[in-house]
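# What the coordinates show
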Amino acid sequence: MEMSFPVDMNLPINLFTILDMILLSMLVVVAIAIVRLNNLFSVVMLFGVYSLLAATWFVSLDAVDVAFTEAAVGAGISTVLMLGAMLLTSRRALPTTPLRHWTALLVVTATGVALFYATYDMPMFGDANSPANSYVGLEYMTRTITDISVPNVVTAVLASYRGFDTFGEVVVVLTAGFGVMLILGIDGTKPGSENSEPAGKKEKPAKNSSVASEAIKSPSNHHVVLGVIAKMLIPLIVVYALYVHFHGDYGPGGGFQAGVIFASAVILYSLIFGMAETRRALPPALVRFCSILGVLIYGGLGLVTIIMGGKFLDYNMLDTHDTIHAQHVGILIIELGVLVTVAGVMLSIYYGFAGRYRDLKDQNW
Amino acid sequence: MILESIGSSSAIGIDALWSNAAALVVVIPLIGGAVAALLGRGRIAWAWAVLCVLASFILSLFMLNLVLGGETIGYEMGNWEVPLGIAYQIDSLNALIITLVSAMALLALLFGLPTVEHEIDPKKQSMFFGTFLVCVAGLLGMAATADAFNVFVFLEISSISTYVLVAMGAKQNRQALTASYNYLILGTIGATFFVIGVGLLYMVTGTLNMSDISSILAGMGDDRVVRAAFAFIVIGLGLKTAMFPLHTWLPNAYAFSPSIVGMFLASTATKVALYLLIRFLFSVFQTGSSFETAMFDFVLAPMAVTAMIVCSVQASFQPDVRRLLAYSSVAQVGYMLLGVSLGTAAGLSAGLLHLFNHALMKGALFMAIGLAGLGLGVVRISEMRGMGKTMPFTAAGLTVAGLSLMGVPLTAGFISKYYLVIAALERGWWWAVVAIVVSSVLAIFYVGKMIEAMYLHEPAKHADGSVMKVKTPVLSLIALYILVLANVWFFFDPSLPFGLAETAASALIGGEGS
C-alpha cells in the first residue's frame, strides 16, 4: 500500500494542524491543572473547560456529532451533576500521599509509552487510504443513501447499522440511573431516614418529597431577574431539544443530545424555582417511569420486528414495500426511546442528589 | 401486513422464538430488567426475574443442543450483513459459557430470594432484581457477540450493574461502598484499556467483526499498532478476569456484596472475562506470533503460578469466610490462566474445564455461606462452629463443594486438575505441576479450617443446653444441592463440558497444527 501525505506539502504547516496543536496543548495544560488542584469546585469547572476544549477539537476533526455530545454531556450536564455531588461532600479533596501519585504516574507513563510506540506504524492522519477510511467506513458512506437515505451517515450507523450497540448504550444509561436511585434513595429520600428505619417503611413517597422540599428552600423570591429570564429561556431550550432530536437525521444531533438538553432545561427550572416546584411539575415517579419507558420503546421495537418475522431491530420489517420509509420510522422510534431514557435518567440522578441536600443556601452556589 | 403476521398461528411465534434464540437469550433479560424495576413488590419482581432467566436458560440449552450437533449459530442484528452490522456467533466455546451463565443466574435467583429479603431494603428490591437481570444480560451479551465493540458495550452493561449490585451490600456493611468504588475505578480502567485496544485494531483493520479482524491480521506483517492493541486488550480483560496482580478489586467486592450477588459473580463474572481473553488471544490475534508466545511464557504463566500460590496463602490467613473464598477464586483463576498459557489444545481444554468446574464449586460454596449468614449471621470462620449440628444440610453441601475445591477424587475439581497436570507435563512444565500440588495443599488447609470449625467444634447452645436448630429455606437448599450434585456428577460424566472444551480448544488451536 502506498503512503500518501494528506497535508499539502507546499505549505510548511497546515493551519488546521496549528489549531489542533493549540487545542491539544490547552487540553494538556487543563489536565495537569485538574490533577494538581485540591479545590473540588475548580476541578469540576476545569472538567467543563476540558470537555469544551475537547468538543472544539472534535469539530476541527470534522466529528461534529461527537463534538455535540461532548459539549452537551461533558461540558453541560455532567458539570451540573458533579457540582451536585460536590455539594453533598466537601469542597476540598483530602491531601494524598505522594507515593500513590508515583505509582499512578508510572502506570500512566507506561500507557503513554505504549501509545507512542504504536504511532510509528499508524496510518497517517487523514489518510484516505487508511483501513478505517477505506473498508467498512467507506461502505457506510456509499450505502447509507440507498439503504437508509438519511443525509447524516453517523445517524445511519448509530441508529440502524449498529443500532444494537446503541440499544446497549441506552441500557447502560438506565443502569447508571438504577445505580443512583438504589444507592441515594429511589425518591430522593433524605439521608438517615433509610438507615434508621430499615424494614417496613410504610410512608408514601409523596410525604418524603414534601419533607425534602421543605429542606430545600426555594430561592425564587429574591431572584426576580433570574426567574423572568429563566421563564423565557426554558421553553426555548425545550424547543431546541426537540429540534436537535428531530434534526438528527439531517445534521448533528439525536436522542442522546436532545435528552440531555431537555434535562438541563428542567434542572435550570429547579435551580431558579426550587425542587418543590420541580417535583410538582415532574414527579419523581414519572421521571423514573420515563427512564425505563425509553428502553422499553427501543427494545419493544426490536421484539416487534421479531414478531413480524424479521430479526431483532430489523426496521425493514416495519414496511416491507418501502424499506427506506421503514428505516426512517424505525430510527425515529428508537431515537424517541433514547430521548426518553436519557432525559429520565439525567433527571433521576439530579433528583437523587437534590433530595439529599440538607439546606441549599445562596452562597453554596 | 402487521396484522397478518401477528394474527397467524402461534406455531410461527414459537418458530420465531427458536430462530431468534441467539438474540433473545440476551435480549429477554435485558428488557426484562427494565420491566422488573416497574414491578412494585420484591416478590413479583423476583418471580418475573426467574421467568426471564428461565427463558434464557431454555434458549441456551436449545442452542447448546444445536452446537453439540456440530452447528455454529450466526445471527445478524437488524439483518445487516457482516461487517456492516453487529453479529452474534455461538460455537462450542461460548455455548458452554452462555449455558453456564444462564444456569448460574437461575440457581442464584432460586437460592437468593430469602437472602435478598433479609439484606435489601423492601422498597429497593424490585429495582435490585432489575439490575440483577441487566447484569445477567450483560454477561450473556459479552459471551454471545462476535463484534469487538459490542463486547465493550455489554462489558459496560455488566460492569456498571455489578458496581451497583456490590454497593447494595451497604445495608449489611458500609464497606460495600468502598469495595464497589474501588471496583468501579479499576473496572473502568480495564474497560478503557480494552476499548483503546479495540480502537487500535479498528485503525489497522477498518472492521470490528472479530473473524474479519482476524483474517485481515493474518494477511498483515508484524505491526506495532497490533502489538499495542494486544497489550491493551490483554491488560483490560486481565483486570476483569482478576489476573494476578490485577485482582485487588476482587476480594472486597465479593466479600461485602449481597449474598446473591457474591454467589453469582464468583461463578460467572471472571469466567466471562476469561472467555473473552481466550477469544481474543486465540481467534482474533494470530496464535503463534512471537509476541503472543512470549507473553504466554514470560507473563501469563509466571503470573498464573504466582496467583495459585500467593493467593492460596492469602486465603489461608483470612478470618472472613467470603474473603477466604474470594482469594481462593483469584488462585483458581491462576489455574485457568495456566491452562491457557500452555498454548496447547490440551492445556486450553483443561483450563476451560476448570473454568466450568470452578463455577460449580464456588457457586455452591458461596450459596452455603450465604445460607449460613442468613441462619447464623456467619461472617467469620470462628462463627461457623458447630454448623454440622445446627445447619446439617448446608454444612454437608459446603463440605462436598469444599472437597471439590481441593480437588479430591469423586468430585469435579479432581478431573480438571488432573487434565491440567497432564497438559503441563506434556509441555514439560514440571514447575507448574509443583505449583498445582502446592496450591492444592494450601486449599486443603483453608477448606479444612472451615470443615474443622463446622464439625469438630460444639455449636452455641441455648440456656437449657439444647442445640439450636436453624431453619433453612427449602428453595435455597434445593438450589445448593443442584450445584453440589453437579460437582459430583461431572466427576463421573465430564463428557459434556469436556467434549465442548476439547472441540473448542482444537478449533482454536488445532488449525495451527500444534
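What comes next is a walk through the structure.

Procedures and definitions
- Residues numbered from 1 in each chain as written.
- Chains lettered and ligands numbered in written order.
- Predicted model: local features only at pLDDT ≥ 70, side-chain atom pairs only at ≥ 80, totals over all residues.
- Heavy atoms only, no water.
- Helix = DSSP H or I, 4+ residues; strand = E, 2+ residues; numbered from the N terminus.
- Rg over C-alpha atoms; globule rule 2.2 N^0.38 Å.
- Buried < 20%, exposed > 50% of the residue type's maximum accessible area, 1.4 Å probe, protein only.
- Contact = heavy atoms within 4.5 Å.
- Areas by Shrake-Rupley, 256 points an atom, 1.4 Å probe, with all protein chains shown as cover.
- Lys, Arg positive; Asp, Glu negative; His and termini not counted.
- Charge placed at Lys NZ, Arg CZ, Asp CG, Glu CD.
- Core = buried A, V, L, I, M, F, W, Y, C linked by side-chain atoms within 4.5 Å.
- Domains from an automatic or database assignment.
- Salt bridge = Lys/Arg side-chain N within 4 Å of Asp/Glu carboxyl O.
- Buried area = accessible area lost by both parts, 1.4 Å probe.

## Focus: the overall build of chain B
Within chain B, the secondary structure is distributed over 21 helices and 2 strands. Relative to the globule expectation of 24 Å for 514 residues, the C-alpha radius of gyration of chain B, 22 Å, shows essentially globular dimensions. Per-residue burial over chain B gives 63% buried out of 514 residues. Taking contacts inside chain B between residues at least 6 apart in sequence as the whole, the part at least 24 apart equals 79%. Summed over all atoms, the accessible surface of chain B reaches about 16,800 Å², with 67% contributed by carbon and sulfur. Computed over 23 positive and 25 negative side-chain charges, the separation of the two mean positions in chain B equals 18 Å.

## A short note on the nonpolar core
Membership of the largest hydrophobic core comes to 256 residues, with the highest contact counts inside it found for Phe 164, Phe 167 and Phe 312 of chain A together with Phe 264, Phe 280, Leu 281 and Met 384 of chain B. It is helix H12 (residues 259-284) of chain B that provides the largest number of residues to this core, a total of 17 residues. Looking at which domains feed residues into this core, each of domain 1 (14-122) and domain 2 (153-202 + 211-365) of chain A supplies at least three.

## Quick word on the pattern of salt bridges
Counted under the stated rule, the structure contains 10 salt bridges over all chains. The partner of Glu 81 of chain B in a salt bridge is Arg 143 of chain A, and the shortest N-O contact between them spans 2.5 Å. You can see Glu 81 of chain B sitting in the loop between strand S1 (73-76) and strand S2 (87-90) and its partner Arg 143 of chain A sitting in helix H6 (residues 136-147), one on each of two chains. Between Glu 277 of chain A and Arg 280 of chain A there is a salt bridge; the shortest N-O distance is 3.5 Å. Taken together, the residues Glu 277 of chain A and Arg 280 of chain A, both in helix H13 (residues 275-281) and 3 residues apart, mark about one turn of the helix. Since its relative accessible area comes to 33%, Glu 277 of chain A is described here as partly exposed. Classification of Arg 280 of chain A by relative accessible area gives exposed; the value is 63%.

## Considering the interface of chain B and chain A
Each partner contributes residues to the interface: chain B has 71 residues there, and chain A has 65 residues. With both sides pooled, the region where chain B packs onto chain A buries about 5,700 Å², and carbon together with sulfur makes up 71% of that total. Considering only the side of chain B, the residues that lose the most area to chain A are Trp 80, Leu 84 and Arg 224 of chain B, jointly responsible for 14% of the buried surface there. There are 3 salt bridges connecting chain B and chain A. In this structure, Asp 147 of chain B engages Arg 162 of chain A in a salt bridge whose closest nitrogen and oxygen atoms are separated by 2.6 Å.

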